[in-house]
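# Breakdown of the fold
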Amino acid sequence: MSDSTGKIVSLKNGDSLPLETLPLLSYGEFGDRLLETCSNLGRVSAYFAYPAGDDELDLLAVLARDWQGDLVLLRTRIGNTYPSLTPRCPQLGLFEREIAEEFGAVPTGHPWFKPLRFHRVQPGRLDAWGRDPLRHPVPGEMPFYQVEGEEIHEVAVGPVHAGIIEPGHFRFQCHGEKVLHLEISRGYQHRGIEQLLTGGPHGATIHQLEAAAGDTTIGHASAYCQALESLSGVPASPRGAALRAIALELERLANHVGDLGALAGDIGYLPTASFCGRIRGDYLNLTAEICGSRFGRGLVRPGGVAFDVDPLLAAAMLQRLAAMEKDTRGAIELFFDSPSVLARIEGTGIVTPEVAEELGMVGMAARASGLTIDSRLHHPLGNREGSFAPVVIEEDGDVCARAKIRRREIYDSLEMVRKGLRNLPPGPIRCALPALAPRSLTVSLVEGWRGEVVHVALTDGRGALSRYKVVDPSFRNWGGLAMALRGEQISDFPLCNKSFNLSYCGFDL
Amino acid sequence: MLKVICERLRQGHRTAKYPRQDPVLPERFRGLPRLEPGGCPQDCRECLSSCPYGALQVDGGRLRLDMGRCIFCGDCSAACPHEALTFSRDHRLASRTREGLLTDGDVFALAGPLDRRMKKLFGRSLKLRQVSAGGCNACEADLNVLGTLTYDLGRFGIQFVASPRHADGILVTGPVAENMKGALLETYAAIPEPKLVIASGACAIGGGPYRDSPEVNNGLGDLLPVDLYIPGCPPHPYTVLDGLLRMLGRL
């Protein structure tokens, strides 16, 4: 679809279009239209570059217009430097840093210009920070934000943390207990996923995307399969799509329940911590009943799913779900009934709606700050089309709001899984897909448990993937955690961190 | 408080009876592979070509599966027209040696215990430091699960600790991303001797799904001397527990 001037091209979630229908805008016009869309209830879903020639890059912006239910595509061409749009649109900050790190294109005037993932620049290009392009950068080697003054001290944590979690490096600028600023440096989990996907799909591609962020296996696998289905023109079978939706909600349930438990653990409220720790496993085990893997590995496959749920299994799952719901409600309500818990989480780690919007936050964390962003509502696909998915909104933006969002989403998801299991459409679980359309582009959004998972796929003349861009919700939300900490006590960090529970892997890719 | 007590009574006692009782795993769980290539035609290579990680190989006419490379996706089993390759529900997969993970369908040699001296040191109390070196958080999440009351790792005298200085060994997950190599080696160096190294998950053993990415080191390989390999992507908590207990001579 394009507007009267032919300059704005938009498409729906899961649609694809030939690459040549994308007009090439001048950078000025590109910037103007991007800012105009963003100021008009739009937001940046993906922003990335791909080589257009020896020295030039094509820049592609995918802007979600949630209330219109479509995605605007803007394309321009840049050289080795281009004026940064970040000062006028902070959402682009990380995206511009990412492009610079990959291709060496410097966004002049970027207010916070540093590496993100600490990897080498693509062969044949110059490093944006003038480092040796052949030497692998050392993670965390960059100037950190520093506050100076008497009684100011810096606390550095990581990359290896005290618990069993992924690595990242955190620097707190503190005045006594009070945190003035937190800077988070990541990249430790960088595995070079996007480079591995180029030229595919390979045999390993689906496995690599399933492990892009281990706790979002279903989310990322669904987004990938949706992209392939769109490019080959065959949608997932209705039964397959329904089973994916069930698995997605089970993934949400396991993670939300686990996070409420972890939050309780950090407060020192042990009943909910130990109950939820176990109940989380019950949900994982339910996923394993479908496909054998607690994380849903091997379940979602192009064209549908690889495992069916027969009436016998559906009945058994419903029965287990009923028992689990009782346990879940019992454990969660204890948490919210306890005044000492509420005293700890209310008003802690606030992210205002303005900040959330400016950073382009998505998913559960954005909804806790009062933003209505949920791709299940705005960009429905397959069996969700035409149905009004429940959107849970809280307004306080604090740890308590993020916990409450989880509680309400848990109860909604339970209902959705139950409905899904009772109303499985008949037919095959999987369709065969023909070859991918050559020289095409598709955008695929899936509302994972953390938020919107965005995959953008471009194909070359042979129908192979020439560029595959993955945007995990964590990419947009890590900045929110840093903002939540401002003015808080450093001892509130674990609490704030758990309330977001962002993915290191999903960010580092 | 009364509510807490009532809920505690209602939820009850849920610690698994393991190892007194074998765990019941889901019907579709993919555990120890079974290879019965008796009926395989000479030139059939269906399973070999279905594995993107080269976990399957034919060596001197015998079909072999390398559980260190296998991510237990089951694609080979689905591709095989002769049902020569299936996955059992046996969760016991760990081995003390890298070669021990190669299985040709005969009885799989379970992980043996540490030598007498090490067993005496660590058999009753083992403190481990965990390092995620590029792990996707699935391995990490299922290790965390060992601390929940279902598995209750503490009752075996095993514990994950916050500092390498407090640890008897290191448990590594992830393909060892280039960016984590330094931190991993420093953590290892900070653990007092004698120390153990455990590679948990397909990534830590051989790179897992990211094998041969220029940004990863294909697992621990020669970086550190490994005492226990735990296959799986991610390994089931019972697989990890079984491996740890066997290494300590407790099973």
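Residues numbered from 1 in each chain as written. Chains lettered and ligands numbered in written order. Predicted model: local features only at pLDDT ≥ 70, side-chain atom pairs only at ≥ 80, totals over all residues. Heavy atoms only, no water.

As named in an unreviewed UniProt entry, chain B is Ech hydrogenase-like complex small subunit [Ni-Fe], taken from Desulfuromonas soudanensis. Heading Cofactor (unreviewed entry) of the UniProt record for chain B holds this comment: "[4Fe-4S] cluster". (UniProt positions renumbered as here; feature names shortened; annotations may be inferred.)

As recorded by an unreviewed UniProt entry, chain A carries the name Ech hydrogenase-like complex large subunit [Ni-Fe] and is attributed to Desulfuromonas soudanensis.

Residue and element names in this part refer to chain A. In terms of domain boundaries, chain A breaks down into domain 1 (9-138) and domain 2 (193-508). A straight line from the C-alpha centre of domain 1 to that of domain 2 covers 26 Å. Summing the contributions of domain 1 and of domain 2, the shared interface buries around 2,900 Å²; its carbon and sulfur component is 59%. Counting across the domain 1 and domain 2 interface gives 3 salt bridges. Here Glu 452 ties to Arg 43 by a salt bridge, and the two come within 2.6 Å at their closest N and O atoms. A total of 7 residues in the side of domain 1 that touches domain 2 trace back to one element, the largest contributor, which is strand β3 (residues 42-51). Taken together, the residues of the side of domain 1 that touches domain 2 break down into 21 nonpolar, 7 polar and 8 charged. (Domains from an automatic or database assignment. Buried area = accessible area lost by both parts, 1.4 Å probe. Salt bridge = Lys/Arg side-chain N within 4 Å of Asp/Glu carboxyl O. Helix = DSSP H or I, 4+ residues; strand = E, 2+ residues; numbered from the N terminus. Nonpolar A, V, L, I, M, F, W, Y, C, P; charged D, E, K, R; others polar.)

On to the sheet that holds strand β2 (residues 16-18) of chain A, then. All names here are of chain A. With antiparallel pairing, 4 strands are arranged side by side in an open sheet as β2-β13-β14-β15. Bordering the open sheet on either side are β2 and β15 (465-471), each of which pairs with just one other strand. Strand-to-strand twist of the sheet, defined as the mean angle between neighbouring strand axes without regard to direction, takes the value 15°. Where strand β13 (residues 440-447) meets strand β14 (residues 452-459), 7 bridges bridge the pair, whose relative direction is antiparallel. Bridge pairing links Ser 444 to His 455 in β14. (Pairing = 2+ DSSP bridges. Axes fitted to C-alpha atoms, helices over the stretch in contact; angles between N-to-C directions.)

Attention now goes to the pairing of strand β3 (residues 62-66) of chain B. Consecutive side chains of a regular strand alternate in pointing toward one face of the sheet and then the other. Residues and elements named next belong to chain B. One ladder, built from 4 bridges, connects strand β2 (residues 56-59) with β3; its direction is antiparallel. Looking at β3, one finds that Gln 57 is bridged to Arg 64. Hairpin remark: β2 followed by β3, antiparallel, with 2 residues in the connecting loop; positive phi at Gly 60, about 60°. Summarising the sheet, β3 and strand β5 (residues 102-103) pair through 2 bridges and their orientation is antiparallel. Across the sheet, residue Asp 66 finds its bridge partner in β5, namely Leu 102.

Here we come to the interface of chain B and chain A. The parts lose accessible area when they come together, and the size of an interface is often stated as this lost area. With 57 residues of chain B at the contact, the number on the chain A side is 61 residues. Between chain B and chain A lies a buried interface of about 4,500 Å² when both sides are counted; carbon and sulfur atoms form 56% of it. Of all residues in chain B, Arg28(B), Asn179(B) and Tyr210(B) bury the most surface against chain A, accounting for 17% of the area lost on that side. At the junction of chain B and chain A, the tally comes to 4 salt bridges. Of the charged contacts, one joins Arg14(B) and Asp327(A) as a salt bridge, the two residues approaching to 3.3 Å between their closest N and O atoms. Summed over the shared surface of chain B and chain A, the number is 29 residue pairs in polar contact (both at pLDDT 80 or more). Secondary-structure elements contributing two or more residues to the side of chain B that touches chain A are α1 (2-11), β6 (126-132), α5 (138-144) and α6 (181-190) of chain B. Residues belonging to the side of chain B that touches chain A are distributed by class as follows: 30 nonpolar, 13 polar and 14 charged. (Contact = heavy atoms within 4.5 Å. Polar contact = N/O pair within 3.5 Å; in protein donor to acceptor, adjacent residues only side chain to side chain.)

As a further point, take the sheet that holds strand β4 (residues 57-65) of chain A. Residues and elements named next belong to chain A. The 4 strands are arranged β1-β5-β4-β3 in an open sheet whose pairing can be described as antiparallel. If you trace the sheet from one side to the other, it starts and ends with β1 (9-11) and β3, each paired once. Taken pair by pair, the neighbouring strands of this sheet meet at an average axis angle of 25°, ignoring direction. Taken together, the 3 bridges between β1 and strand β5 (residues 70-78) define a ladder with antiparallel strand orientation. Within β5, the position partnered with Val 9 by the bridge is Leu 73. Its contacts with the sheet put helix α2 (residues 93-103) on β3 and β4, and the angle it makes with β3 is roughly 10°.

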